[in-house]
Amino acid sequence: MPVTNDIVIEVYKNFLNREPESPDILKAHAERANSAIELIQTVIASDEFRRSAQVAQVTKEYGQPLPAIEVDVSEIVLHQLMERVRREWKTLGENDPYWSVLTNEAYRHSKMTDQVRDEFLATGNDAAELIDRFEARAQTKLGRGTCFELGCGVGRVTYYLSKKFAKVIAADISPGNIELCKRNLESLGVTNVEYLLVTELADYQSIEPYDFLYSIIVLQHNTPPVQKFIIDNLAKKIRPGGGCFFQTPAWLPSYSFSVAQHLTTEEKGFEMHAIPMPTVLRVLHSQGIRTLDISPDHWTGLAGSYTYFGDKPLLGAT
């Protein structure tokens, strides 16, 4: 069936809640699309539709009771959950390290070339620049001593963090990622990065104090109890006068978490989890972190992900 002007208008009304913005756009869609299905696929792939879907989801969730997300478990269970994450990311780091950081088919191991690798690493600049933007929003400036980066991956953001801080501790749960990160940064002449493999709960507890915590698209791959443990222990290590910038979902559409159910399901290799915002805020407060900004973000591609920015005031400061 040919795509008529009337079909274009109906698709716009049903999926974007409006009519086409101009006769030229209407005509272009009618001529370009081979079928109504193809037109619908084009519309739902648009940024406008994704934004409207996000708003609709946020509106639906606004003020609703928190979903059932289990965050408190025994130490034995916590070790089991951590071990599952370690196994999954050991495999991902060995088989598809670049794709596991940014899930774009162009970054598959089978397609990786020097040029693609360089393009991939260049995407880390904007992520690192967010520190400056959030400082400007909060009208503050935090120390630039040692930055602890949780989930360095293959060094995509680490490279740019090394330009902002005197020293970066690049930590990851995947040996393969750590090795690639080191190789990539050494090839770029970076000399102020220390590499740290964190595979056990004790590894987080033995980390030396630092000035700034940075982490994006990392915590979300850990179960809620593990996230709570990591945030608690890493916030504890921030020196007075330092701060943090990290992202994790507070909720996800239709998401809940039961430890018993999780440990009896098959390992997926790439999991997405949320931790309730009140839990995160209580943990940060208990470690002396003052929350300066909480902003919804785009990192998961879904509604419910937030970026937390805060500082740990100097002793005696208000």
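Residues numbered from 1 in each chain as written. Predicted model: local features only at pLDDT ≥ 70, side-chain atom pairs only at ≥ 80, totals over all residues. Heavy atoms only, no water.

## Concerning the packing of helix 1 (residues 5-16) against helix 2 (residues 23-32)
Look at helix 1 against helix 2: their axes get within 9 Å of each other, and the N-to-C directions meet at 105°. By the angle class used here, helix 1 and helix 2 are roughly perpendicular. Across the interface between the two elements, N5, V8, I9 and Y12 of helix 1 pack against I25, L26, H29 and A30 of helix 2. In terms of residue class, the contact of helix 1 with helix 2 is made up of 6 nonpolar, 2 polar and no charged. (Axes fitted to C-alpha atoms, helices over the stretch in contact; angles between N-to-C directions. Helix = DSSP H or I, 4+ residues; strand = E, 2+ residues; numbered from the N terminus. Parallel < 35°, antiparallel > 145°, perpendicular 65-115°, else oblique. Contact = heavy atoms within 4.5 Å. Nonpolar A, V, L, I, M, F, W, Y, C, P; charged D, E, K, R; others polar.)

## Quick word on the packing of helix 1 against helix 3 (residues 36-44)
Packing of helix 1 against helix 3 brings their axes to within 10 Å, and their N-to-C directions diverge by 40°. The handedness of the crossing between helix 1 and helix 3 is right-handed. Across the interface between the two elements, I7, V8, V11, Y12, F15 and L16 from helix 1 touch A36, L39, I40, V43 and I44 from helix 3. Looking at the contact of helix 1 with helix 3 residue by residue, the class counts come to 11 nonpolar, no polar and no charged. (Left-handed = near helix turned anticlockwise from the far one by under 90°.)

## A closer look at helix 2
All of the buried residues in helix 2 are L26, H29 and A30. Along the long axis of helix 2, the arc covered by the buried residues comes to 100°, so they all point the same way. In helix 2, those exposed residues whose orientation departs by more than 90 degrees from the buried face are D24, E31 and R32. Residues of helix 2 that are buried make contact with helix 1 and helix 3. (Buried < 20%, exposed > 50% of the residue type's maximum accessible area, 1.4 Å probe, protein only. Arc of directions from axis to C-beta.)

## Focus on the packing of aromatic side chains
Going through the model one piece at a time under the given rule, you end up with 9 aromatic pairs. Between Y214 and F245, the ring centres sit 5.5 Å apart and the planes meet at 10°, which makes this aromatic pair stacked. Separated by 31 residues along the polypeptide, Y214 in strand 4 (residues 210-215) and F245 in strand 5 (residues 238-249) bring together distant segments of the chain. An identical accessibility class is assigned to Y214 and F245; each is buried. Taking the centre distance of 5.1 Å and the plane angle of 15° together, the rings of F246 and Y308 count as stacked. Of this pair, F246 sits in strand 5 while Y308 sits in strand 7 (residues 305-311), placing them 62 residues apart in sequence. Site record: aromatic cluster; members linked through ring pairs are F134, Y214, F245 and F309. Of note, R144 hangs over the ring of F165, and the distance from its end group to the ring centre comes to 5.2 Å. (Phe/Tyr/Trp six-rings, centres within 6.5 Å; stacked < 30°, edge-to-face > 60°. Lys NZ or Arg CZ within 6 Å of the ring centre and 35° of its normal.)

## Some points on unusual backbone geometry
With a phi close to 55°, Q139 is a non-glycine residue in the positive phi region. If you trace the backbone, Q139 turns up in the loop between helix 8 (124-138) and strand 1 (146-150). In this structure, I217 is a non-glycine residue whose phi angle is positive, near 45°. Mapped onto the elements, I217 comes out in the loop between strand 4 and helix 12 (224-236). Owing to a relative accessible area of 13%, I217 belongs among the buried residues under this scheme.

## Describing the sheet that holds strand 6 (residues 290-296)
By definition, the strands of a sheet pair up through backbone hydrogen bonds, in either a parallel or an antiparallel sense. Read across the open sheet, the 7 strands follow the order 3-2-1-4-5-7-6; overall the sheet is mixed. Looking along the sheet, the strands with just one partner apiece sit at the ends: strand 3 (193-197) and strand 6. Shown here is a sheet whose adjacent strand axes are inclined to one another by a mean of 15°, direction ignored. Pairing of strand 4 with strand 5, which is carried by 5 bridges, proceeds in the parallel orientation. Across the sheet, the residue bridging to Y214 is F245, located in strand 5. In this fold helix 8 packs onto strand 4, strand 5, strand 6 and strand 7, with an angle of close to 120° to the strand it touches most, strand 6. Set on the sheet, helix 10 (residues 175-187) makes contact with strand 2 (167-172) and strand 3; between it and strand 3 the angle comes to about 170°. (Pairing = 2+ DSSP bridges.)

## What to know about the pattern of salt bridges
Considering all chains together, one arrives at 18 salt bridges under this definition. Put simply, D132 and K141 hold a salt bridge, and the shortest N to O gap is 3.9 Å. With a closest N to O distance of 3.0 Å, E135 and R144 form a salt bridge. Judged by relative accessible area, R144 falls into the partly exposed class, the value being 21%. The structure contains a network of salt bridges with shared partners spanning E129, D132, E135, K141, R144 and K164. (Salt bridge = Lys/Arg side-chain N within 4 Å of Asp/Glu carboxyl O.)

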